[in-house]
Every structure is written in structure tokens, then in C-alpha cells.
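Fold and geometry: a report
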Amino acid sequence: MESITTFSPIALSILWSRLISIVDEAGTTLQRTSFSTVTRESNDFAVVLMDRKGRSIAQSSVSVPSFLGVLPMLTKALLEDYFPLETWKEGDVVMTNDPWLCAGHKPDIGIVSPVFYKKDLIGFIGTIAHSPDMGGVLWGAGSRDLYEEGLMVPPTKLISEGRPNDTLFAILEANVRAADQTIGDIKAQIAANDQGIKSLMKLMDENKLTDLQDLADAVIHASEKAMREALLIAPDGSYSYSYDTDGDGKGNGCHFEITISIKGDEIHADYTGTSGAHPLSINAVLNYTYAYTAYPIKCTFSPDVPNNDGSFYPIKVTAPKGCLVNAQKPVPLGARNITGNMLHSVVFGALAKAVPNQVQADCGSACWCIVLNGTHKGKEFVEYFFLNGGYGARPNMDGEHVLSFPTNVANVPVEVLESDIAVLVTEKSLVPNSGGEGQYRGGLGQRFSFKNVGEHPLNISLLTEKTKTSAKGILEGKDGKTGSLEIVPHRDFPPKGLDKLYPGEELILTLPGGGGYGNPEKRDKRLIEEDRVLGYIT
């Protein structure tokens with residue numbers, strides 16, 4: 001844990017903040033130049049600055065937790081198995097969407113660029129963003145195996161010393177829906193990397209730095225130190241928890257088992273006992289499982305320290321090979337976010353036995369995902385939007401309503417959705433009584449309905465959760481209310497999977513509430529009355 005640095009604490013703090021502002025500026029570039037709503041409106045991306053070993057130094061503030069630590073994992077794999085350090089040239093850009101190297105499913109594209117300063121390679125900058133399409137069946141849970149999920153690009157130079165790989169661009173364009181959106185987003189990722197490099201050059205010049213390594217060592221050490229010190233406060237021991245989810249929503253559910261072992265300043269989460277691979281594409285690779293396990297652990301013990309490699313050195317995550325959270329080829333992975341989004345529930349459930357005042361109740365997640373595909377005004381589109389249930393209650397406050405957690409993707413504004421495609425949003429409202437009771441109440445779910453007002457059917461991929469199970473209360477708190485879906489006129493509609501929304505049909509989605517925290521009998525009567533006045537309870 002010893003770290004020798006030439007930076008004073010004040011100088012280190014200033015430089016660290018500058019590094020975060022650099023990746024945030026690059027993230028803004030990506031968002032503002034992207035073509036798809038999934039990046040432009042929902043912020044489903046991350047930007048990470050790394051040293052020449054591939055270790056994360058700074059990650060953009062607007063970053064989805066599913067990408068936590070993933071770009072460093074990818075960059076380290078590139079250096080070890082594909083492009084050794086000495087082979088990188090200025091102007092290179094490497095791309096891959098290999099789920100086992102990147103973020104767990106093919107729509108997430110990793111773009112990594114080397115950073116040269118005065119002809120020396122000093123580090124890397126990378127972006128991950130959710131592509132609007134990668135071919136195959138429409139993104140979601142509808143694929144039967146990995147191959148139906150579209151094009152997989154192994155680590156390949158998209159640009160070599162400034163020269164675009166026209167063949168790869170042509171292959172991508174020929175294999176995806178709404179190619180202008182997918183290619184446009186990839187170019188936005190490249191632009192974000194370029195912007196990050198330009199800003200870093202200014203920092204290097206202004207501070208007369210010749211290398212990043214000393215600064216990287218210092219900030220990584222500081223984060224590791226903070227995490228280890230926080231873990232020392234928790235009592236040593238092993239803490240287990242079980243959790244069940246909807247699975248396909250038709251009786252084939254999923255079961256999670258976790259044992260979290262804390263010993264001194266290290267923590268190990270093991271998923272032995274978890275379900276095997278599921279027939280639907282809700283399976284998660286270990287990279288992704290690590291990200292969504294490490295995130296709630298960091299939220300519990302060291303929430304305020306910026307993310308970099310050091311925060312995660314004390315965290316180990318294991319799972320049996322081939323199980324739901326350590327998927328192997330060729331099982332389908334497209335909707336792995338449904339599984340990852342619920343791991344906070346499993347982790348917090350176990351940690352409640354060790355540090356009950358540092359965790360929160362289960363949220364009305366996973367985030368519900370709707371993907372629509374068709375033509376509008378003579379042009380093909382792929383449109384994403386996300387919906388959230390109620391946030392779980394915390395040790396000192398109620399859960400927020402319809403707040404995204406653990407992912408932090410944003411809503412697509414109704415006005416944007418209705419202007420982009422032929423749909424009409426008919427309702428968006430809170431659902432009374434949907435939050436779990438407790439000393440602190442779970443957040444409310446929402447009702448969201450929309451109608452196809454166009455002349456043609458829309459292809460739709462739907463991902464829902466907690467229509468059969470519920471968000472669990474914690475420490476005597478009550479469970480939240482389950483969600484539901486209905487189509488008018490009435491017919492069968494898959495909770496997870498592919499279908500069509502025909503002209504005139506309306507889809508009504510009711511999202512689940514969050515779990516409560518603590519004994520409901522201890523709830524302040526003033527809070528109960530306030531909930532009544534506001535219509536949160538009846």
C-alpha cells in the first residue's frame with residue numbers, strides 16, 4: 001500500500017479533478033455528436049482514461065455502472081493477447097464488441113485509442129456505448145443463441161495510424177438496421193476519444209508533465225486506500241442471501257445465491273448456488289457480473305471516492321462457470337442487463353447482515369426496456385426508451401419515485417419519442433400504494449402507456465421484470481407492489497421477448513414499487529399523512 005509520489009495532496013486533488021473533467025468533457029462530446037437516443041438522451045455510455053498498463057485513472061461522471069471496470073479489463077486483454085504495447089501507433093483506434101472482453105453483450109461497443117505525448121505512449125482512452133443495432137434479432141431477450149444476436153467484431157483496428165478501415169466500416173453498415181445511427185454513434189465514440197486526448201495534452205503542457213505514470217499511481221493508490229479503510233469498519237464474517245426473479249415471467253424463474261466474505265480490508269462475493277444458464281438471453285458474463293457486484297459494494301463502503309482501478313483491488317467476485325452470472329458460449333446474452341440490474345438486491349441483502357445502516361432496500365428494477373423498429377417518414381429507425389420503478393427505501397429516508405438504480409440511464413423525453421416515431425404517449429403517472437411500507441417507504445412505480453398511431457406495425461422488443469416477483473423490503477420493511485403489462489385490444493404479449501405493436505394497439509406498462517426499510521410501525525405519522533395528501537397512499 002506504500003505509494004511514493006511527487007505530488008502534494010493539494011496538487012493531487014486538483015489534477016485528479018482535472019482528469020475527471022477531461023473524461024466528462026469527452027463524454028459530453030460523445031453525447032452531443034451521437035445519432036441515437038440511447039446515447040444522446042439516455043446516456044448509456046462511459047469514458048475512461050487509463051495508464052499504459054490499462055489501469056483506470058478516471059471515469060466520466062455520467063457512466064452506467066455496467067461499464068464499471070470494463071474498459072480497463074478490455075484494454076488489459078488487448079495489451080496481453082492482441083496488440084502488445086510496442087505495436088500501438090499514434091492515430092490507432094481499436095474496436096470490439098466481444099461480450100467476454102467488453103460489456104457483456106454485442107450492442108456494447110468498446111473503442112480504445114492510445115495516447116501519445118511527444119511521441120511517447122503514455123496511456124489509453126476508451127469509450128463504451130450501447131449501439132442502436134448490431135444486426136440479428138432486435139435487441140432484447142428474444143434470441144435463442146449468441147449467433148442470433150448479430151455481428152461480433154473481434155478486436156480489430158477500426159483506424160490504423162489515422163487511416164480508416166473501410167472494409168470494417170462497410171461490413172458494419174451492411175449488417176445493421178438504421179446504419180446511419182450505428183455508424184454515427186461509432187464515429188461519435190472516436191470523436192470523444194480525440195477530444196479527451198486533446199484536453200489531456202493541455203493538462204500535460206500546463207503542468208509540465210512528461211508522463212502519466214506517477215499521477216496514475218498516486219490516484220489509484222488513494223482510491224485503494226479509501227476503500228480498504230472503509231472495509232475495515234465492517235465486521236469480519238461470511239454473509240449469505242437468496243433471491244428469486246421472474247426469469248421469463250411465465251414460470252421459468254431464476255434463483256440467485258450469494259455469500260459475501262469480509263476479512264480485514266478485502267471482500268469476496270461468490271455466487272455458488274445460482275441458477276444455470278437461462279433459455280432466454282438474460283445470461284451475464286463474469287465481467288458484467290463483476291461490474292454490477294462491485295458497484296453496490298462501492299456504494300456501501302466508499303461512495304464518494306471517484307472510480308478507478310484502486311477502488312476495486314480489494315473486491316473479488318467469483319461464480320461457477322456456466323451459471324447465469326458466468327455465462328459461456330454459445331448461450332444468448334442480449335438482455336443480460338435484466339440480470340445485472342438485480343445484483344444490487346442480492347449484494348445489499350447479504351450486506352444488511354453486516355452493515356445494516358449502510359444499505360438500502362430492493363429497488364423496483366431491473367430497468368424496463370422498450371425497443372421499437374420500423375419506418376417513419378420513409379426512413380428506418382431503431383428507437384430505445386427506458387422506464388424505471390420505485391427506488392428502495394434507505395436507513396434515513398423514503399425511496400424516490402421512478403428513479404433508475406442501479407443503472408443510471410435517463411428517460412427519453414416524451415416529446416422526442418413522439419416526434420421521432422408514430423407513437424402517442426397516453427399516460428405517464430405515479431402508481432399509488434406501490435411502494436413497500438416501512439419506517440421509510442419504498443418509492444412509487446409508474447404507469448406508462450403508448451399507442452401505435454401510425455399506418456404500419458412496429459417491431460417491438462420488451463424487457464420487463466418483477467411482474468411475478470417483487471422488490472424486497474429490508475429489516476422488517478415490506479415488499480413493493482409487482483408490475484404488470486396489458487395490451488389493448490387484449491391479447492397475449494410476452495413479458496420478455498419480441499412481438500409487433502399493430503396500428504391502434506395500446507401497450508399499458510405498470511412498473512413495480514421499491515421495497516420498504518424498517519418496521520412500518522416506527523414510521524413517523526407526519527410522513528404517513530403527507531403521503532396521503534400527496535396521493536402516494538390511499
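Let us look at the structure shown here. (Residues numbered from 1 in each chain as written. Predicted model: local features only at pLDDT ≥ 70, side-chain atom pairs only at ≥ 80, totals over all residues. Heavy atoms only, no water.)

1. Quick look at the overall build of the protein chain
The cut-off we apply is this: Helix and strand assignments come from DSSP, with helices taken as H or I runs of at least 4 residues and strands as E runs of at least 2, each series counted from the N terminus. Burial classes follow relative accessibility: with a 1.4 Å probe on protein chains only, a residue under 20% of its type's maximum area counts as buried, one over 50% as exposed, and anything between as partly exposed. Only heavy atoms enter the contact rule, under which two residues are in contact if any of them lie within 4.5 Å. Every accessible area reported is derived by Shrake-Rupley at a probe size of 1.4 Å, with residue values counting cover from the shown protein chains alone. Here the positive residues are Lys and Arg and the negative ones are Asp and Glu; neither His nor the chain ends is included. The atom standing in for a charge is NZ when the residue is Lys, CZ when it is Arg, CG when it is Asp and CD when it is Glu.
If you tally the helices and strands in the protein chain, you get 12 helices and 19 strands. Expressed as lengths along the three principal axes of its C-alpha atoms, the size of the protein chain is roughly 65 × 60 × 40 Å. Counting across all 538 residues of the protein chain, residues that qualify as buried make up 61%. Look at the contacts in the protein chain between residues 6 or more apart in sequence, and 73% of them connect residues 24 or more apart. With an accessible surface of roughly 20,400 Å², the protein chain has 52% of that area assigned to carbon and sulfur atoms. Across the protein chain, the 49 positively charged side chains and the 65 negatively charged ones have centroids separated by 1 Å.

2. What about the sheet that holds strand β14 (residues 423-430)?
Convention followed: Whether two strands pair comes down to DSSP finding at least two bridges between them. Throughout, an axis means a line fitted to C-alpha atoms (over the contacting stretch in the case of helices), and angles, computed between N-to-C directions, take values from 0 to 180 degrees.
Ordered by their spatial adjacency, 4 strands build an open sheet running β14-β15-β19-β17, and the pairing between neighbours is antiparallel. The sheet is open, and its two edges are formed by β14 and β17 (484-488), each paired on a single side. Strand after strand, the sheet turns through a mean of 10° between neighbouring axes, direction not considered. Pairing geometry for strand β15 (residues 446-452) and strand β19 (residues 506-510), over 5 bridges, is antiparallel. If you follow Phe448 over to β19, its bridge partner there is Leu509.

3. Concerning the pattern of salt bridges
This is how the line gets drawn: Any carboxyl oxygen of Asp or Glu within 4 Å of a side-chain nitrogen of Lys or Arg constitutes a salt bridge here.
If you walk through the whole model with that rule in mind, you get 27 salt bridges. Residues Arg55 and Asp51 are paired through a salt bridge, measuring 2.7 Å at the closest nitrogen-oxygen approach. With a closest N to O distance of 3.9 Å, Arg532 and Glu529 form a salt bridge. Here Glu529 and Arg532 lie together in helix α12 (residues 525-534), a separation of 3 residues that amounts to about one turn. Among the residues examined, Arg532 registers a relative accessible area of 46% and is labelled partly exposed. Three or more residues joined by partner-sharing salt bridges are found here, namely Glu224, Arg228, Asp265 and Glu266.

4. What to know about the pairing of strand β13 (residues 379-387)
Summarising burial for β13: 7 of the 9 residues are buried, a large majority. Following strand β12 (residues 368-376), the chain reverses through 2 residues before pairing antiparallel with β13; Lys377 in that reversal takes a positive phi of roughly 55°.

5. Observations regarding unusual backbone geometry
A negative phi angle is the norm for most residues apart from glycine, just as the trans form is the norm for most peptide bonds. The omega angle of the peptide bond from Ser365 to Ala366 is 15°, so this bond is cis rather than trans. Here Ala366 is to be found in the loop between α10 (343-351) and β12. The backbone of Leu475 sits at a positive phi, close to 55°, despite the residue not being glycine. Its place among the elements puts Leu475 in the loop between β16 (458-463) and β17. The backbone phi angle of Glu476 is positive, close to 80°, even though this residue is not glycine. You can see Glu476 is positioned in the loop between β16 and β17.

6. So, the packing of helix α1 (residues 9-33) against helix α6 (residues 213-232)
Put simply, the rule is: Should an angle fall under 35 degrees it is taken as roughly parallel, and over 145 as roughly antiparallel, whereas 65 to 115 is taken as roughly perpendicular and any remaining angle as oblique. Put simply, Ala, Val, Leu, Ile, Met, Phe, Trp, Tyr, Cys and Pro go in the nonpolar bin, Asp, Glu, Lys and Arg in the charged bin, and everything else, Gly too, in the polar bin.
Running from N to C, α1 and α6 point in directions that differ by 95°, and their axes come no closer than 11 Å. Judged on the interaxial angle alone, α6 and α1 are roughly perpendicular. Where α1 abuts α6, its residues Leu12, Leu15, Trp16 and Leu19 lie against Leu215, Ala218, Val219, Ala222 and Ser223. Taken together, the residues of the contact of α1 with α6 break down into 8 nonpolar, 1 polar and no charged.

7. Observations regarding the sheet that holds β12
Here 4 strands make up an open sheet; going across it, the order is β13-β12-β16-β18 and the pairing antiparallel. The open sheet is flanked by β13 and β18 (496-501), the only strands paired with a single partner. Along the sheet, successive strands turn relative to each other by an average axial angle of 15°, direction set aside. Bridge analysis of β12 against β16 gives 5 bridges, and the strand direction is antiparallel. Bridging from a neighbouring strand, Asn373 pairs with Asn459 of β16.

8. Thoughts on α10
Burial analysis of α10 places 9 of its 9 residues in the buried class, the great majority of the element. All buried positions along α10 are accounted for by Leu343, His344, Ser345, Val346, Val347, Phe348, Gly349, Ala350 and Leu351. On its buried face, α10 is in contact with β8 (237-245), β9 (254-263), β10 (266-270), α7 (286-301) and α9 (336-340).

9. What to know about the packing of α1 against helix α5 (residues 179-206)
The description of two helices packed together rests on the angle between their axes and the distance between the axes. For clarity, the cut-off: It is the rotation of the near helix from the far one that decides the hand of a crossing: anticlockwise by less than a right angle makes it left-handed, clockwise makes it right-handed.
Where α1 meets α5, the axes come as close as 8 Å, and the angle between the chain directions of the two elements is 155°. When the axis of α1 is compared with that of α5, the two are roughly antiparallel. Considering how the two elements wind past one another, α1 and α5 form a crossing that is right-handed. Mapping the contact onto sequence places Leu15, Arg18, Leu19, Ile22, Glu25, Ala26, Thr29, Leu30 and Thr33 in α1 and Gly184, Asp185, Ala188, Gln189, Ala191, Ala192, Gln195, Gly196, Ser199, Leu200, Leu203 and Glu206 in α5.

10. So, the pairing of β15
Burial analysis of β15 places 5 of its 7 residues in the buried class, which makes it a mostly covered element. Taken together, the 7 bridges between β14 and β15 define a ladder with antiparallel strand orientation. Of the residues in β15, the one forming a bridge with Val425 is Phe450.

11. Observations concerning the environment of Val94
Take Val94: it is sitting in strand β3 (residues 93-96). With 139 residues separating them along the chain, Val94 and Ile233 place their C-alpha atoms 42 Å apart. Leaving out residues up to four positions away in the same chain, Val94 has contacts with Leu78, Phe83, Trp88, Gly110, Ile111, Val112, Pro155, Thr156, Lys157 and Leu158.

12. Here we look at the packing of aromatic side chains
As a reminder of what qualifies: Side-chain rings of Phe, Tyr and Trp (the six-membered ring for Trp) are treated as a pair once their centres are within 6.5 Å; stacked means planes under 30 degrees apart, edge-to-face means over 60, and tilted covers the remaining angles. When the NZ atom of lysine or the CZ atom of arginine is within 6 Å of a ring's centre and also within 35 degrees of its normal, the charge is said to sit over that ring.
As enumerated under the stated definition, the model contains 11 aromatic pairs in all. Between the aromatic rings of Tyr384 and Phe386, the centroid separation amounts to 6.5 Å while the plane-to-plane angle is 45°, which identifies the pairing as tilted. The residues Tyr384 and Phe386 share a single accessibility class, namely buried. One aromatic cluster is present, built from ring pairs that chain together Tyr295, Phe348, Tyr391 and Phe405. A cation over a ring is seen here: Lys187 above Phe169, with NZ or CZ 5.8 Å from the ring centre.

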